[in-house]
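Residues per chain, in single letters:
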Amino acid sequence: ALREAGRAREAMDAFETLVARSPGNVPFLARLADAQAAVGRREAGVATLEHAIGLNPRLDFLHLHLADAYFELGRLEDARAEYELVATLDPRSAAAWMGLAAIAQRAGKPAEERAILDRAVREGTRSGAVFARLAQVELAAGNPVLVLQDLGALGIRRWHFAVVIGHDVDRDLVILRSGTRR
């Protein structure tokens, strides 16, 4: 609550005290890492997360948190390794697949990004973020994207196929063509 109120330094001090009293408490360590990052001590946050993982290496949320921290620091190979581990521990983790896709995107490798997102779907990820990013990648490559569009009214569903012909990111708007309707 302190961090959300803009009092990250106080949160960090509080969690340092709690961790000193309970050094093996993984949730306290994870929150301490959050607070450390919030006050600009990102490397300390990474060290805290690495310590927490040493205590409980099977907790996928710790690896995901560490992957995000590595990504923010530009340590992309370390981030990739952690995202891949999370995807192994939880193949349906949209966050892990989106992290891997973001690394490919940053590297300017759209084919690799598409392959990662396709694999996420094959693994059972049902995240709107994954599907939306996959559609963006396809559109950028000039490929048509088919979607189901509900043209019904008053709670009566009337589904039609539509072709995505554009995406206005600023307005968070998908532009569809469905027969003669746009």
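Before reading further, recall that the structure is shown in the block above.
All of the points below concern the structure found in this document.

### Notes on the packing of helix α5 (residues 76–89) against helix α6 (residues 94–106)
Item 1. Axis separation between α5 and α6 bottoms out at 8 Å; the angle between their running directions is 150 degrees. As far as their axial angle goes, α6 and α5 are roughly antiparallel. Relative to α6, α5 is oriented so that their crossing is left-handed. For the pair α5 and α6, contact is made by Leu-76, Ala-79, Arg-80, Tyr-83, Glu-84, Val-86 and Ala-87 and by Ala-95, Ala-96, Trp-97, Gly-99, Leu-100, Ile-103 and Arg-106, respectively.
Item 2. Among the residues forming the contact of α5 with α6, the class breakdown is 10 nonpolar, 1 polar and 3 charged.

### Comments concerning the sheet that holds strand β3 (residues 173–177)
Item 1. Read across the sheet, 3 strands follow the order β1-β2-β3 without closing on themselves; strand pairing throughout is antiparallel. Looking at strand neighbours, the two that pair on one side only are β1 (145–150) and β3, the edges of this open sheet. Averaged over all neighbouring strand pairs, the angle between strand axes comes to 55 degrees, with direction disregarded.
Item 2. Here β1 pairs with strand β2 (residues 159–168) via 6 bridges, running antiparallel. When the sheet's bridge partners are listed, Leu-146 is paired in β2 with Val-163.

### Re a nonpolar patch on the surface
Item 1. A contiguous nonpolar surface patch, about 510 Å² in accessible area, is contributed by Leu-146, Leu-148, Trp-159 and Phe-161.
Item 2. Looking at the nonpolar patch, the elements that each hand over two or more residues are β1 and β2.
Item 3. By relative accessible area, which is 48% here, Trp-159 ends up partly exposed.

Each value, and the rule that gives it
- Residues numbered from 1 in each chain as written.
- Predicted model: local features only at pLDDT ≥ 70, side-chain atom pairs only at ≥ 80, totals over all residues.
- Heavy atoms only, no water.
- Axes fitted to C-alpha atoms, helices over the stretch in contact; angles between N-to-C directions.
- Helix = DSSP H or I, 4+ residues; strand = E, 2+ residues; numbered from the N terminus.
- Parallel < 35°, antiparallel > 145°, perpendicular 65-115°, else oblique.
- Left-handed = near helix turned anticlockwise from the far one by under 90°.
- Contact = heavy atoms within 4.5 Å.
- Nonpolar A, V, L, I, M, F, W, Y, C, P; charged D, E, K, R; others polar.
- Pairing = 2+ DSSP bridges.
- Patch = residues over 30% accessible without salt bridge, like charges linked within 9 Å, V, L, I, M, F, W, Y side chains within 5 Å.
- Areas by Shrake-Rupley, 256 points an atom, 1.4 Å probe, with all protein chains shown as cover.
- Salt bridge = Lys/Arg side-chain N within 4 Å of Asp/Glu carboxyl O.
- Buried < 20%, exposed > 50% of the residue type's maximum accessible area, 1.4 Å probe, protein only.

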